[in-house]
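Report on the structure
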Amino acid sequence: MVFIIPTQLPNPSKVGNQNLQKNRVQNFVDIKRIRVIGGSGGNGCISFLSLWSNEFAGPDGGDGGHGGHVILEASYDVKDLQNVPTVARAECGEKGCNKDCHGKNSNHYIIKVPVGTVIKNSEGKVVGDLSTEGLMFVAARGGAGGRGNHFFMTDTEQAPKICEYGASGENLEYTFEVRSMAHIGLIGFPNAGKSTLLRAISRARPKVAPYPFTTLKPHLGVVQYDDYEQIAVADLPGLIPDSHKNKGLGIQFLKHTERCMALLYIIDVSLPEPWDHLKILQYELSKFNETLIERPQLVVANKIDVPDAEGKIERLKEETDLSVIAVSAKLGTNLLGLLREIKIIYDENKNSNDLSDNKNTF
Ligand SMILES: Nc1nc2c(ncn2[C@@H]2O[C@H](COP(=O)(O)OP(=O)(O)OP(=O)(O)O)[C@@H](O)[C@H]2O)c(=O)[nH]1
Ligand SMILES: [Mg+2]
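Residues numbered from 1 in each chain as written. Chains lettered and ligands numbered in written order. Predicted model: local features only at pLDDT ≥ 70, side-chain atom pairs only at ≥ 80, totals over all residues.

If you check an unreviewed UniProt entry, the protein appears there as Mitochondrial ribosome-associated GTPase 2 from Molorchus minor. Among the UniProt annotations of the protein, the heading Sequence similarities (unreviewed entry) holds the following wording: "Belongs to the TRAFAC class OBG-HflX-like GTPase superfamily. OBG GTPase family." (UniProt positions renumbered as here; feature names shortened; annotations may be inferred.)

Here it is as structure tokens:
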């Protein structure tokens, strides 16, 4: 006999901490210029050993320790560049001491950056792309420690009074740009309710207002599931017709969608003929990058609480092959269903690496 065990989908955790419900607006920092300075090496030491039985026991100046590197590490623990310092300086190596004591090498300064951070040098050339977790980039090398006077002892020079200074660390400037800030991107016309939806499903607090272009910068929220999986959702500024021709704000943020695992079209079904909005959004995305419309996608029909809105859902479903989920972000109707759909898409696609094939757009 075969038993079929029903696989239970993990539920999203509640967004319930009252302290965090305050209107704290936090901007998502997706681009930052930083200066990185490697630690200098420690100086070598000049010293001569003198023992009770041997007053001139020879040079015993130790070498200086090496300065630390500044290293960037891609990590899913951080979602933006807000906490990356604008000047990152690694520690210097310690100087050498007598009795041939080697100065301590300093630890490397490791800065965690979001997976998908692109690193450009001061000339704007892409020098690194941290597209997978754990990938590291040495941004500034620390200087080597200087050698102590014992190193300079030769047959002819038994008491060298010279040693080396530690080398200085590299001092460079980079621009970091986060390209894959979220797993899921919310795409929609202004006023469609993207920010309201993000507020409803996560602890992010983007501003919500009944006029277009309320959101001027991307906002990021994280949906927690009870299997400890975290899915980052990005609220992007609204798109308008001809966004790809640089109209409105949308185009500069569309680059973020390039590495989103999936896209949600937020459609305001309280407006007449909302299916046209969906077509315009798909057209704008395809004009920006053709591969975008091949990503996993869902249509979220928002504002079903508005009278007559529900009647348009059937027509919307007929007009598209994508699955349509009807929700009310404001009242919280069917958000659980939406979050479960997002989890299914995430589970199906989390191991696919084809999202980093956008290098041509750098
Ligand atoms: N009735 C109703 N109103 C909603 C719903 N979702 C959002 N709204 C309202 O729609 C208006 C716009 O919502 P936002 O979340 O700011 O819209 P947005 O898509 O983020 O807009 P932009 O930031 O300008 O792109 C606000 O007045 C919301 O209260 C909903 O499900 N039902
Ligand atoms: Mg908004």
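This part is about the environment of Glu170. With respect to the helices and strands, the residue Glu170 is situated in the loop between strand S9 (136-140) and strand S10 (171-178). A tally of 18 C-beta atoms within 10 Å means that Glu170 is categorised as partly exposed. Sequence-wise, Glu170 and Gly39 are 131 residues apart; in three dimensions their C-alpha atoms are separated by 7.9 Å. With residues near it in sequence (within four places) discarded, Glu170 still touches Gly38, Ala140 and Arg141. (Helix = DSSP H or I, 4+ residues; strand = E, 2+ residues; numbered from the N terminus. Buried ≥ 20, exposed ≤ 12 C-beta atoms within 10 Å, placed from the backbone. Contact = placed C-beta atoms within 7 Å.)

Within the structure, ligand 1 sits among 24 residues, and Gly193, Ser195, Thr215, Gly238 and Lys330 are positioned closest to it. At 3 residues, helix H1 (residues 194-201) tops the list of elements feeding residues into the shell around ligand 1. (Near = placed C-beta within 6 Å.)

Before going further, it helps to spend a moment on helix H5 (residues 335-349). The end-to-end C-alpha distance of H5, which contains 15 residues, comes to 21 Å, matching closely the 21 Å that a straight helix rising 1.5 Å per residue would cover. Those residues of H5 not exposed but buried are Leu338, Leu339, Ile342 and Ile345. Angular distribution of buried residues about the axis of H5 spans 120°; they occupy a single face of the element. For H5, the exposed residues set more than 90 degrees away from the buried face come down to Gly337, Ile344 and Glu348. (Expected span 1.5 Å × (residues − 1). Arc of directions from axis to C-beta.)

Looking now at the nonpolar core. Formed by 48 residues in total, the largest nonpolar core has its most connected members in Ile187, Val233, Tyr265, Ile267, Val300 and Ala301. Residue contributions to this core peak at 6 residues, all from strand S14 (residues 262-268). Ignoring sequence-local partners within four residues, the contact set of Ala301 consists of Ile267, Val269, Ile313, Leu316, Val324, Ile325 and Ala326. (Core = buried A, V, L, I, M, F, W, Y, C linked by C-beta atoms within 7 Å.)

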